[in-house]
Each structure stands twice: as structure tokens, then as C-alpha cells.
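Spelled out, the chains give:
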Amino acid sequence: MEEYRPLKRFGGTSKDHDRTVDTVCRECTVACGLTACVDGGTIVDVQGRENHPVSRGRLCAKGMAFVQGIGDSRRIVQPALRSSRNDPFKALDDWDSALDLLAERLRKVRDQSGAESLVIGCDPEAGPDFAYPAKRFARLWGTSFVFHPWDEPEGILRATGAGSPDLPCTSWPESRTLLLVDADLASSHPVAFGRALDAQFRGTHLVVADSRFTRTMSKADLPVNLKPRSGNVLGLALMKLTLESDLLPETARERALAESLPQRESLEKMTVEAASAATGLSPDRLMEVARMIASGGPVTIVTGKRLAYLPNYGVWPAMAAALGKPEDEAGGWYPLDSGRPQFDVMGDIEEAEEAVLSWIYGDHRALAMKIMQAHREAPRPPIKALIGSGNCLIDFMSPFRDTAADMDLVVSFAAFPNETVQLSNMLFPATFWAERDELVFTNDRGMEWGSRIVEPTPDCRTGLDFWMGLAERFGWESYFPWKREDGRADLRSFSDWLLKRSPQTAACSVDLLEESGREGKFIAWPYPEGKPVRCTGRRPVSDSARRESGAVFPQVPDAEEDGNDLPLAFQAGPVVSRSRDASNWWPWTAELEDDATVQIHPLTAKALGIENGEEIIVEGPRHMLEGRAKLSRAVPEWMIWARRRRSQRRALVRKKDQTRGEALDLLRELLQ
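Owing to the predicted nature of the structure, the values given are computational and were not obtained by experimental measurement. (Residues numbered from 1 in each chain as written. Predicted model: local features only at pLDDT ≥ 70, side-chain atom pairs only at ≥ 80, totals over all residues. Heavy atoms only, no water.)

Enquirer: Mind showing me how you'd approach the overall build of the chain here?
Expert: A count of helical and extended segments in the chain gives 22 helices and 26 strands. Taking all 672 residues of the chain together, 60% fall into the buried category. If you sum the accessible surface of the chain, you get close to 26,400 Å²; carbon and sulfur atoms cover 49% of it. (Helix = DSSP H or I, 4+ residues; strand = E, 2+ residues; numbered from the N terminus. Buried < 20%, exposed > 50% of the residue type's maximum accessible area, 1.4 Å probe, protein only. Areas by Shrake-Rupley, 256 points an atom, 1.4 Å probe, with all protein chains shown as cover.)

Enquirer: Even after reading the chapter, I still don't get the environment of Pro 481, so can you show me in this structure?
Expert: Within the secondary structure, Pro 481 is located in the loop between helix H17 (463–472) and helix H18 (491–499). Looking at Pro 481, the relative accessible area reads 53%, which means it is exposed. Sequence separation of Pro 481 and Phe 494 is 13 residues, and the distance between their C-alpha atoms is 8.5 Å.

Enquirer: In this structure, what is going on with the pairing of strand S11 (residues 205–210)? I would like to understand it.
Expert: Sheet faces and side chains relate simply in a regular strand, where the side chains alternate between the two faces. Along S11, five of the six residues are buried, which leaves the element largely enclosed by surrounding structure. With five bridges connecting them, strand S10 (residues 177–181) and S11 associate as parallel partners. Across the sheet, residue Leu 178 finds its bridge partner in S11, namely Leu 206. As judged from the four bridges shared by S11 and strand S12 (residues 222–225), these two strands associate in the parallel manner. (Pairing = 2+ DSSP bridges.)

Enquirer: I would appreciate a short explanation of the packing of helix H4 (residues 128–141) against H17 in the present structure.
Expert: For the pair H4 and H17, interaxial distance at closest approach is 7 Å and the crossing angle is 20 degrees. Of the possible angle classes, the one that applies to H4 and H17 is roughly parallel. Residues Asp 129, Phe 130, Pro 133, Ala 134 and Phe 137 of H4 form the contact with H17, whose own contacting residues are Gly 463, Leu 464, Phe 466, Trp 467, Leu 470 and Ala 471. Looking at the contact of H4 with H17 residue by residue, the classes come out as nine nonpolar, one polar and one charged. (Axes fitted to C-alpha atoms, helices over the stretch in contact; angles between N-to-C directions. Parallel < 35°, antiparallel > 145°, perpendicular 65-115°, else oblique. Contact = heavy atoms within 4.5 Å. Nonpolar A, V, L, I, M, F, W, Y, C, P; charged D, E, K, R; others polar.)

Enquirer: Help me understand the sheet that holds S10 in this model?
Expert: The strands that make up a sheet are held in pairs by hydrogen bonds between backbone atoms, and each pair lies either parallel or antiparallel. Strands sit in the order S12-S11-S10-S13-S14 across an open sheet of five strands; the sheet is parallel. Edge positions in the sheet fall to S12 and strand S14 (332–335), since each has one partner strand and no second. Going from strand to strand, the sheet's axes swing by 15 degrees on average, the running direction of each strand aside.

Enquirer: I keep staring at the confidence of the model for the chain and nothing clicks. Help me out?
Expert: Caution applies to low-pLDDT parts of the model: their predicted coordinates are not meant to be read in detail. In this model, the chain carries a mean pLDDT of 80, and residues with pLDDT of at least 70 account for 80%. When the criterion is pLDDT under 50, residues 152–163 qualifies, and its contacts beyond four places in sequence or with other chains add up to 40 contacts. For the stretch residues 352–365, pLDDT sits under 50, and the model shows 48 contacts to residues farther than four places along the chain or on other chains. (pLDDT = per-residue confidence, 0-100.)

Enquirer: Honestly, the packing of aromatic side chains in this entry has me stumped. Any pointers?
Expert: Each aromatic ring pair is described using two quantities: the centre-to-centre distance and the angle formed by the ring planes. Going through the model one piece at a time under the given rule, you end up with 26 aromatic pairs. Summarising the aromatic geometry, the rings of Phe 416 and Phe 432 are spaced 5.6 Å apart at their centres and angled 90 degrees between planes, so their arrangement reads as edge-to-face. Taken together, the residues span a long stretch of sequence, with Phe 416 in the loop between strand S16 (409–414) and helix H16 (419–422) and Phe 432 in the loop between strand S17 (426–429) and strand S18 (438–441) at a distance of 16 residues. In this structure, Phe 416 and Phe 432 share a single accessibility class: buried. (Phe/Tyr/Trp six-rings, centres within 6.5 Å; stacked < 30°, edge-to-face > 60°.)

Enquirer: Is there a simple way to think about the side chain of Asp 182 in this case?
Expert: Of note, Asp 182 is situated in the loop between S10 and helix H6 (185–188). Setting aside anything within four residues of it in sequence, one finds Asp 182 in contact with Ala 209, Asp 210, Ser 211, Gly 304, Arg 306 and Leu 307.

Enquirer: Where do I start with the environment of Asp 595 in this structure?
Expert: You can see Asp 595 is positioned in the loop between strand S21 (568–572) and strand S22 (597–600). Asp 595 sits 33 residues away from Arg 628 along the chain, and the two C-alpha atoms are 9.4 Å apart.

Enquirer: Just checking my understanding: could you explain the sheet that holds strand S8 (residues 118–121) for this structure?
Expert: Strand order in the open sheet formed by seven strands is S7-S6-S17-S16-S15-S8-S9, and the pairing between neighbours is mixed. Unpaired on one side and paired on the other, strand S7 (90–91) and strand S9 (146–147) mark the two borders of the sheet. Bridge count between S8 and S9: two bridges; the pairing is parallel. Of the residues in S9, the one forming a bridge with Ile 120 is Val 146. Contacting strand S6 (80–81), S8, strand S15 (385–389), S16 and S17, helix H3 (residues 95–113) runs over the sheet at an angle of about 140 degrees to S17. Seen against the sheet, H4 touches S8, S9, S15 and S16 and runs at an angle of roughly 165 degrees to S8.

Enquirer: What am I meant to see in the pairing of strand S24 (residues 624–631) here?
Expert: Pairing of S22 with S24, which is carried by four bridges, proceeds in the parallel orientation. Looking at S24, one finds that Val 598 is bridged to Ala 629. The sheet contact formed by strand S23 (residues 615–619) and S24 spans five bridges and is antiparallel. Within S24, the residue paired with Ile 617 across the bridge is Glu 626. Joining the antiparallel neighbours S23 and S24 is a turn of four residues.

Enquirer: Would you explain unusual backbone geometry in this entry?
Expert: Only a minority of non-glycine residues have a phi that is not negative, and only a minority of peptide bonds are not trans. The step from Trp 525 to Pro 526 runs through a cis peptide bond, and the omega angle for that step is 5 degrees. Looking at where Pro 526 falls in the secondary structure, it is placed in the loop between strand S20 (523–524) and helix H20 (543–549). Positive phi, normally seen in glycine, also occurs at Arg 229, with a value near 65 degrees. Among the structural elements, Arg 229 can be located in the loop between S12 and helix H8 (231–244). Taking relative accessible area as the criterion, Arg 229 reaches 35% and is therefore assigned partly exposed. Of note in this structure, Arg 445 is not a glycine but carries a positive phi near 60 degrees. Along the polypeptide, Arg 445 turns up in the loop between S18 and strand S19 (446–450). Overall, Arg 445 belongs to the buried group, its relative accessible area being 7%.

Enquirer: Is there a simple way to explain the nonpolar core in this structure?
Expert: One broad rule of soluble globular proteins: the nonpolar side chains tend to lie buried together. Within the largest apolar cluster, 62 residues are counted, with the highest numbers of intra-cluster contacts made by Leu 102, Phe 137, Phe 428, Phe 466, Trp 467 and Leu 470. Broken down by element, the residue count for this core peaks at eight residues, all from H4. In contact with Phe 466, other than residues within four places in its own chain, are Trp 95, Leu 99, Leu 102, Phe 130, Ile 387, Phe 413 and Phe 428. With 44 residues, the next largest nonpolar core counts Leu 247, Leu 281, Val 299 and Leu 307 among its residues. (Core = buried A, V, L, I, M, F, W, Y, C linked by side-chain atoms within 4.5 Å.)

Enquirer: What am I meant to see in the pattern of salt bridges here?
Expert: Pairing between side chains of opposite charge can happen when their charged atoms approach one another. Tallied over the entire structure, the rule returns 25 salt bridges. A salt bridge links Arg 285 to Glu 288, with the nearest nitrogen and oxygen atoms 2.9 Å apart. Taken together, the residues span about one helical turn, with Arg 285 and Glu 288 both in helix H12 (residues 283–293) at a distance of three residues. Arg 285 sits in the partly exposed class, given a relative accessible area of 25%. Measuring nitrogen to oxygen at the nearest pair gives 2.6 Å for the salt bridge that ties Arg 660 to Glu 619. (Salt bridge = Lys/Arg side-chain N within 4 Å of Asp/Glu carboxyl O.)

Enquirer: What is the right way to look at H17 in this model?
Expert: Residues separated by three or four positions in an α-helix point in the same direction, a consequence of the helix having 3.6 residues per turn. Most of H17 is tucked away, with nine of its 10 residues classed as buried. Burial in H17 covers these residues: Gly 463, Leu 464, Asp 465, Phe 466, Trp 467, Met 468, Gly 469, Leu 470 and Ala 471.

Enquirer: What's the story with H3 in this structure? I'm lost.
Expert: Its 19 residues place the ends of H3 27 Å apart at the C-alpha level, agreeing with the 27 Å of an ideal helix rising 1.5 Å per residue. Residues of H3 that are buried include every one of Trp 95, Ala 98, Leu 99, Leu 102, Ala 103, Leu 106, Val 109 and Ser 113, and no others. Along the axis of H3, the buried positions cluster into a sector of 135 degrees, meaning they face one direction only. Counted as exposed and oriented over 90 degrees from the buried face of H3: Glu 104, Lys 108 and Asp 111. Turning to H3, the residues buried within the fold contact S8, H4, S15, S16, S17 and H17. With a side-chain oxygen lying 3.2 Å from the backbone nitrogen of Asp 96, the N-terminal cap of H3 falls on Asp 94. Positioned one or two residues after H3, Gly 114 has a phi angle of 95 degrees, which is positive. (Expected span 1.5 Å × (residues − 1). Arc of directions from axis to C-beta. Polar contact = N/O pair within 3.5 Å; in protein donor to acceptor, adjacent residues only side chain to side chain.)

Here's what the structure looks like:
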């Protein structure tokens, strides 16, 4: 089996340079420490920082290759406009005139359709300095539609009392078992996956459950192929099996019964047969996994973020607490890409009405579908303008994609061309993360300061620059006071202000984060005291929090609402990166992340007569897309996979010269 280790280089560089910058990588939420060597304003070398407490000098391929995107000739570097989406963009004179034009168009939309005709989407690519000022602008504007994938579903993580990891990934080697569910760490968080491999090398059992045979699963001691969207059902089944069998000693069983109270109704409804049908695992296979995780010793459960938007997510912290030992500083629940402090960034806006809420929590796709249903049914469609960063219309606001062409105004704030840019009629160039200072919250409940490495081109601005400039045109500049002497946004003072907006971070500051970073120390939140701390134990879950969470996970997920007549499951997600559009321009990932390819199992392709690379059609309940077949055993025979989702969970795939009926007959014969 091929060895897998994140890259670690010897210290020092042979490249000529005039300065170095110590900062953190922002390609994923591990936030590895890196040192960039700069010569004349150009990055000439990148290497890991040896004193970083999590990465220890390691960097993954993404952390080394980000330089390729900064100077790419296809970068967006000027504000631009077009009269229709079929026309090419035309560059505008400068940033200020572009903002003047945007303000004028927004006033027109508000006058004709009202304040809530504006929707804002905040992709993580633009950083927290886009998302939190967007919240303030939306409050002043009067819209309640602000979307961000950082936000957890209402009541789920907070009601369980655990909105971030119980313990950092550095503690994984102390666990007896690591259970990874819908979490392809080897692709999305490679350095954190190095910790999992360290644990495995020391004797920790690695159990990986996913709907695809991923890079992570290839290293598992026990690989478990699930049906899509059934991860939480697996959790319920494992909890039920451990409770109803003799796998746990009596004291642990009593603790498991107490911890599982919020899921009691779901557990009572759950049967092993139902779980087997929902997950695609045999009862014997389910019992094998249950025995593995209940074999004694601490258990760490790592869950992918997509599970947070499905019923019964609370089974994971309950299971981690039930299988652990209160006296152990090991094990627990580690939800990926979640767990940030709650900042009150609107409390000082006294003029805004209390009834206006501008921060949306919950299942973003489901909420967007409800809004779009109202959009279609209303005599005058209410959504007439959209401002989005990154690739928001594809990554987490896909229900708005098909109606974007009917909107009066779609504005894209982005650094790289993408599908959202293609649907826009106005464009503002954004800085890349290496070109801006940034407050960074890591998946280990850590806080770090990311210093910019190089200066951006003159017309590439930060998210705070965008909202600050737009607010000035509506007379709201007093609510965006973070300005340097040169008129640009002061991200340092903004970050200090933001830290003070939460009691969990109020004792911290940018100066303290910089000092701790230089010393290789780790600052975790909550940070109520004036000294660096490390997360060293499980946070207690109050009885009231357990009772509140009981209303959140009441039932086993129902069958698919539509597409049940279609034979194949449809799954989507990135291969190499999460949502960074820069990866589209990395030569070494162009083939891996080709948006046009659809992964199909060789046996499925053979039954349909499809050759590798052949053009195909994928039909869903509501959408149809064209692509190229990529034969891969990473997907099972009953599933296809693509990088981008088209709002469908079931699908039919066929050759272009094949009829729908012919393809259905062939697939049903294969899968019966």
C-alpha cells in the first residue's frame, strides 16, 4: 500500500529573497503554520513552520501550491460590468466608480421591490472580513437573507453543548478507535489526516465510513461503504447496538443510556433492519463496526459537515460521551469545519429595527429552496438582487442558480473566474488570502493571526473594503469605522473589534495572537483569562442543553422526496480542495477537479456501453446535465459522483445516443 504523509521539508531555502513572512495557510481549517520567502514582492519559496503546534513543519500540496494562483493570468483584477449575461465583461475605470454604479442599481432595486429583495451569500474564500460586515450592511439595509456555510443549523451544535471539537487533533493518538464518517481528511485536511495516521501507527483502530472509496478509506483498518446521506443513521444504529448488546460494561452502559436521552425517540423507532436498508450495510457489518468502537478505551468520532444538516446529528456527541471515560483527556467528537464563536456584530446598530434579522442559521439549501418557492409563486418575485462572494451560487446557494438570470442584479466578489461569475452582470475583484491580514479560527477551536504575504494589485480589495465603500454611499460610514490613513480597510483594528464582540474571545487581541504564534503557542477559545490555553478536556453538557436537543432530532430520515424511480444515487463534492476556486488553476489538479467529469463504476459503464471519457447525459428529477464519463472504482455500482451538485439526489446516466428507457432497463438489470 502506498505510504501517505503530508510533506515536511528541511528548514531553510536556497532561493534568493529579501524578506520572510511567518503566517498561517488558509486552504482549510487546519491552518498550518507556514513561512513564505519573498523577493521583490514575489513569493519564491514556501515551507512549513517547525514551531507550529499542530502542523509541526508539515504542509500539504495545497499549502505549497497556492502561489500558482496568485499570479495567474486569469485572475480577476479589475471591476467589470456587462449589459447582459451573453456579453463579455467590460472593465470599469476604477473601484470607486464601480461602487457608485452598484449603489445606484441597488437603490433602484430597493425602490421597486423592497429591501428584502436583496440576498447576500458569503463564501469562506472571501474571509471573515466579508461575512461579518455583510451582516452589518444587511441589518442597515433591511434584508434578512444572509447565507454563510460556516453557520451551524439552528439549535444543533449549540443545543448539544458542543459546537467544536472536544479535544484537538493532536490528541487523536491517545484514542483506542478513530471513527471517520463522511470525512475525507486525506483530501480536504491532509495535515490533520497525518495525525490520524500517527494514531494508527501507534495502534489506534481507524474506521472510515463514506459513500465513496476515498483516499482516507484506502488507509482504514475497517472501511465501511455507506449509502449517501445515511451517516447519521449509522450513528443511531451503532448507539442502539451498543445499548442492546453486551458490548459495554454496566457502568459504561448506564452512561450511554444517560447520554442518549435526546435521541431516545429516534432510537426507539430505529431497528437493525431499517438501519441496514438505509445504510446499505448488513446487520453483521453493523455489528462489526459496533464491536470495533466499543472495544474499550477512548473513541474519537470525526464527522463531515454535511451531516450537520441531516436529522439526528446529535447522536455523535452523545455517542462520543457515552463511549469515553470522564477521567480521560482523550476521545470525543470532532465535527469538521464547525465551531466558531458567536459574535454580536449588530448590537451597536441602534437605528435598525429589532425585528430585522440578517444572519440566517439552518440548512442553507432547504431554506434557499423555501425562498425560491416563494419567489416562483409570488405575483412579483421578491428576490431581485444578489451579492455573493466566491462561488456561492454553486457551493451553498445552488437553489438560486437557476433563477439568477431573472434577477435584475447579480454581483460577484471573487478572485478567480467561476460559475457564479458567469451568472453575474457586475464583478468586483477580491484579494486572495495570501494578500490580506486575517483573523483565523481553526477546526481545533484555536485562534491564529494570518499575516498577508504580498500586497494585492491596486484594484483587488478585501471584503471589508467592499462593504465599507458601499456603506459610505448610503450614509452609513459611521458603522464601518475601520479605515487606514490611505482610505483602505484596516483589518487589524476590525479584527480586534470583532474579538471584543464575543465573551468567548473578548480577552484576546491581535497582538496576543501574533506573540503566541511567534512562540509556537496555541490559543483556544473560549478565552476568558489572560493567558494562552489549550483545549484539554471535554466541555460539560448541561441537562437543559440535553433536553433542548431532544426536539432537534426526532425521527429517522424519510425516503427521498422525489426521484425514487431513478436507479442511481447522485453524490457531489470536491476532490482535492473544499471551495477554493484557485484550485481550478493548479495544473496538477485540473484533471482531478474537472467539473465536467462524472465518476462511474466500470461495471455500470460496461452495462451501459459507456467508454472512459465519452460524453454522457445525467438526468435528475428536475435537472439534466452533460458531462464526460470517468471510470472509477471509488464509487459503487449504484452511485455516480460529480464535483458539482445540481440539486438532485437520484439520477439516471446514459449515452447521448441512448434513450431514457433503454438506459433504465440496462441499469435495473444490473442493480436488481
